[in-house]
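Spelled out, the chains give:
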Amino acid sequence: SRSLHLLDISRKSGLKLGPVIYSTVASGSGDAGVWPAARAVLQQWRDDGVTPDRIAYGAVAGAFGEAEHHWRAAGHLLQDMEEASGLAPDMKLYDTAIRACCEKGSRWDAA
C-alpha cells in the first residue's frame, strides 16, 4: 500500500516515528480493506524496537474487522498482544475483536 511505502521512506530517512503515525497507517489500511498492511505496520513497529501499545493493537484489530472473513486474525491478535507485548487487552479491544467476528465474518459463534 502507498501508506506503507511512505512509512518505509520516513523510517529510512531517519525520522523517529511515534505511535500516532503507526496507528494512523494501520487504521487507514483497514479503511482501505488492506488488512495485511495493518499487520505489517505492527511488525514494522516491532522491527523498529518499539513495543506496540493498546492503541496500535486496536487500530490493527479494527482493520481486521473491516476485512471480511478475517475474524480469526482479530482473535489471534489479542493472543499475540499478550505474548509479544505483555499487554492485556482492554474492553475496547475485546469489543473490536468481537465485532470483527460478528459483523464481517458472519461468525457469531466465534465471538
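A few points on the structure. These numbers were taken from a predicted model, which means no experiment stands behind them. Residue numbers run consecutively from 1 along every chain, following the written order of its sequence. Totals for whole chains, interfaces and linings use every residue, but because this is a predicted model, local features are given only for residues with pLDDT of at least 70 and side-chain atom pairs only at 80 or more, for both listing and counting. Here the side-chain values reflect all heavy atoms present in the structure, with hydrogen atoms and water set aside.

Remarks on the nonpolar core
Thought 1: If you look at the biggest cluster of nonpolar residues, it comprises 27 residues, and the most contacted ones within it are L7, V41, V60 and L77.
Thought 2: Secondary structure follows DSSP: runs of H or I at least 4 residues long count as helices, runs of E at least 2 residues long count as strands, and numbering of each begins at the N terminus. With 7 residues, helix α4 (residues 54–66) is the largest single contributor of residues to this core.
Thought 3: Setting aside anything within four residues of it in sequence, one finds V60 in contact with A26, A38, R39, L42 and L77. What we call a nonpolar core is a set of buried Ala, Val, Leu, Ile, Met, Phe, Trp, Tyr and Cys residues that are connected through their side-chain atoms within 4.5 Å. Per-residue accessibility, obtained with a 1.4 Å probe over protein chains only, is compared with the maximum for each type, and a residue is labelled buried under 20%, exposed over 50%, and partly exposed between these values. By definition, residues are in contact when any of their heavy atoms lie within 4.5 Å.

Brief notes about the packing of helix α2 (residues 19–31) against helix α3 (residues 35–47)
Thought 1: Interhelical geometry of α2 versus α3 gives an angle of 160° and a closest axis separation of 7 Å. Between α2 and α3, the crossing angle belongs to the class labelled roughly antiparallel. Note that α2 runs across α3; the crossing there is left-handed. Between α2, through P19, Y22, S23, V25, A26 and S29, and α3, the contact on the second element is made entirely by W35, A37, A38, V41, Q44 and W45.
Thought 2: Tallied by class, the residues present in the contact of α2 with α3 amount to 9 nonpolar, 3 polar and no charged. Note on geometry: axes are C-alpha line fits, over the in-contact stretch for helices, and angles between N-to-C directions span 0 to 180 degrees. Angle categories are assigned with fixed cut-offs, so that under 35 degrees is roughly parallel, over 145 is roughly antiparallel, 65 to 115 is roughly perpendicular, and the rest are oblique. Crossing handedness is defined as follows: a turn of the near helix away from the far one that is anticlockwise and smaller than a right angle gives a left-handed crossing, while the clockwise case is right-handed. Throughout, the ten residues Ala, Val, Leu, Ile, Met, Phe, Trp, Tyr, Cys and Pro are labelled nonpolar, Asp, Glu, Lys and Arg are labelled charged, and all others, Gly among them, are labelled polar.

Comments concerning the pattern of salt bridges
Thought 1: Salt bridge criterion: a side-chain nitrogen from Lys or Arg within 4 Å of a carboxyl oxygen from Asp or Glu. The tally for this structure, following the rule as stated, stands at 4 salt bridges.
Thought 2: The salt bridge partner of D8 is K12, with a shortest N-O separation of 3.0 Å. Remark: K12 and D8 occur in helix α1 (residues 2–12); sequence separation between them is 4 residues, near one turn of the helix.
Thought 3: Its salt-bridge partner being R46, residue D80 comes within 2.5 Å of it at the nearest N-O pair. On the criterion of sequence distance, the pair formed by D80 in helix α5 (residues 71–85) and R46 in helix α3 is long-range, its members being 34 residues apart.
Thought 4: Accessibility expressed as a relative area gives 16% for D80, which makes it buried.
Thought 5: Take R46: its relative accessible area is 23%, and that puts it in the partly exposed class.

Focus: the packing of α1 against α3
Thought 1: Close contact between α1 and α3 brings their axes to 11 Å; oriented N to C, the two are set at 10°. Taken as axis vectors, α1 and α3 run roughly parallel relative to one another. Each of L4, L7, D8 and R11 in α1 lies in contact with α3, whose residues at this interface are A37, A40, V41, Q44 and D47.
Thought 2: Looking at the contact of α1 with α3, its residues break down into 5 nonpolar, 1 polar and 3 charged.

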